[in-house]
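Architecture at a glance
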Amino acid sequence: MSSVNHFFEAIDLRGVHWAASFIGTLLCIYLMQLTRHSPAGGAVKCMTVNGLRRVSLWLLALSLLWSIGYMDAHPTWQPWPPDLAALLAFDIFLSSAIIGIYLKQREYREDKAAARLTS
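As a convention, each chain's residues are numbered from 1 in the sequence order in which they are written. With the structure being a predicted model, the display of local features is reserved for residues of pLDDT at least 70 and the display and counting of side-chain atom pairs for 80 or more, all residues being used for whole-chain, interface and lining totals. Heavy atoms throughout the structure, all of them, feed into the side-chain values; hydrogens and water do not.

**Remarks on the environment of Thr25**
How we decide: We count a stretch as a helix when DSSP gives it H or I for four or more residues in a row; a strand needs E for two or more, and each element gets its number in order from the N terminus. Residue burial is assigned from relative accessible area. The probe radius is 1.4 Å, only protein chains are included, and a residue is buried under 20% of its type maximum, exposed over 50%, and partly exposed in between. The contact criterion used is simple: two residues touch if any of their non-hydrogen atoms lie within 4.5 Å.
Inspection of the secondary structure assignment puts Thr25 in helix H2 (residues 14-34). Note on Thr25: relative accessible area 4%, which makes it buried. C-alpha separation for the pair Thr25 and Ala61, spaced 36 residues apart in sequence, amounts to 4.5 Å. Setting aside chain neighbours within four positions, we find Thr25 in contact with Ala61, Leu64 and Leu65.

Right under this line is the structure:
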């Protein structure tokens, strides 16, 4: 395990951290926009659930931006590799949620168009 630690200590991971944080911020904002009103986007009638989802996405986006600001304010700081793994996992999770919503919306539009044709 020490050889892995030495490997990561020799590499500057700040660029990876910046990219993962910035992409995660954009994904949070886009996911928030997708789930705002559309029933195919996961919007539910319960305002509490929608509000909690929006607050959690805003907090995640702000914390990712804050981590970029912290990194810029401390030039010698290096991100912890497990932290980078968590950032990449967030990005993958948010991306899969966006893709799932996109596919649901496309299916919803196709079903709506088919219903118009049959009536």
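**Re the confidence of the model for the protein**
Worth spelling out the cut-off: For every residue, the predictor states its confidence as a pLDDT score lying anywhere from 0 to 100.
Mean pLDDT over the protein stands at 85; residues scoring 70 or higher make up 87%. The secondary structure element of the protein with the lowest average pLDDT is helix H1 (residues 2-9), at 69, and the one with the highest is H2, at 94.

**Observations regarding the packing of H2 against helix H4 (residues 81-118)**
Under the convention used in this document: The convention used is that axes are lines fitted to C-alpha atoms, helices contributing only their stretch in contact, and that angles between N-to-C directions extend from 0 to 180 degrees. Oblique is the label for any angle not under 35 degrees, not over 145, and not in the 65 to 115 range, which are roughly parallel, roughly antiparallel and roughly perpendicular in turn. By convention the crossing between two helices is left-handed if the near helix lies anticlockwise of the far one by an angle smaller than a right angle, and right-handed if it lies clockwise. Gly is put with the polar residues, along with every residue not named as nonpolar or charged; the nonpolar set is Ala, Val, Leu, Ile, Met, Phe, Trp, Tyr, Cys and Pro, and the charged set is Asp, Glu, Lys and Arg.
It is the contact of H2 with H4, at a shortest axis distance of 9 Å, that shows an interaxial angle of 30°. Relative to H4, the element H2 lies roughly parallel. Considering the relative orientation of H2 and H4, their crossing is left-handed. Contact with H2, carried on its side by Val16, His17, Ala20, Ser21, Ile23, Gly24, Leu27, Cys28, Tyr30, Leu31 and Leu34, involves Asp83, Leu84, Leu87, Leu88, Asp91, Leu94, Ser95, Ala97, Ile98, Ile101 and Gln105 of H4 and no other residues of that element. When its residues are assigned to classes, the contact of H2 with H4 shows 15 nonpolar, five polar and two charged.

**Focus on the packing of aromatic side chains**
Ring pairs (aromatic) are described by centroid distance and by the angle formed between their planes. Note the threshold: Between rings of Phe, Tyr and Trp, where Trp is taken as its six-membered ring, a pair exists when centres lie within 6.5 Å; planes separated by under 30 degrees are stacked, by over 60 edge-to-face, and by other angles tilted.
The final tally for this structure, using the stated rule, is two aromatic pairs. Relative to Phe22, the ring of Trp18 lies with its centre 5.1 Å away and its plane at 10°, an arrangement referred to as stacked. Here Trp18 and its partner Phe22 are both found in helix H2, four residues apart, which amounts to about one turn of the helix. Each ring, one from Tyr70 and one from Trp77, has its centre 5.7 Å from the other, and the planes form 90°; the classification is edge-to-face. Look at Tyr70 and you get partly exposed, because its relative accessible area is 39%.

**Topic: H4**
Heads up, the condition is: Expected span of a helix: the number of residues minus one, times 1.5 Å.
The end-to-end C-alpha separation of H4 is 55 Å, in line with the 56 Å expected for 38 residues at 1.5 Å each. What H4 keeps buried is the set Leu84, Leu87, Asp91, Leu94, Ile98, Ile101 and Gln105. Summarising the contacts, the buried residues of H4 are in contact with H2 and helix H3 (47-73).

**Some details on a nonpolar patch on the surface**
To keep it simple, the criterion reads: Patch definition: residues with relative accessible area over 30% and no salt bridge; like charges joined within 9 Å; nonpolar side chains (Val, Leu, Ile, Met, Phe, Trp, Tyr) joined within 5 Å. Surface accessibility follows the Shrake-Rupley procedure with a 1.4 Å probe radius. Residue values consider only the protein chains on display as shielding. Any Lys or Arg side-chain nitrogen found within 4 Å of a carboxyl oxygen on Asp or Glu counts as a salt bridge.
On the surface, Trp18, Phe22, Leu26, Trp58, Leu62 and Leu65 cluster together to form a nonpolar patch covering roughly 580 Å² of accessible area. Only H2 and H3 provide two or more residues apiece to the nonpolar patch. Within the secondary structure, Leu62 is located in helix H3. Of the residues examined, Leu62 reaches a relative accessible area of 48% and is grouped as partly exposed.

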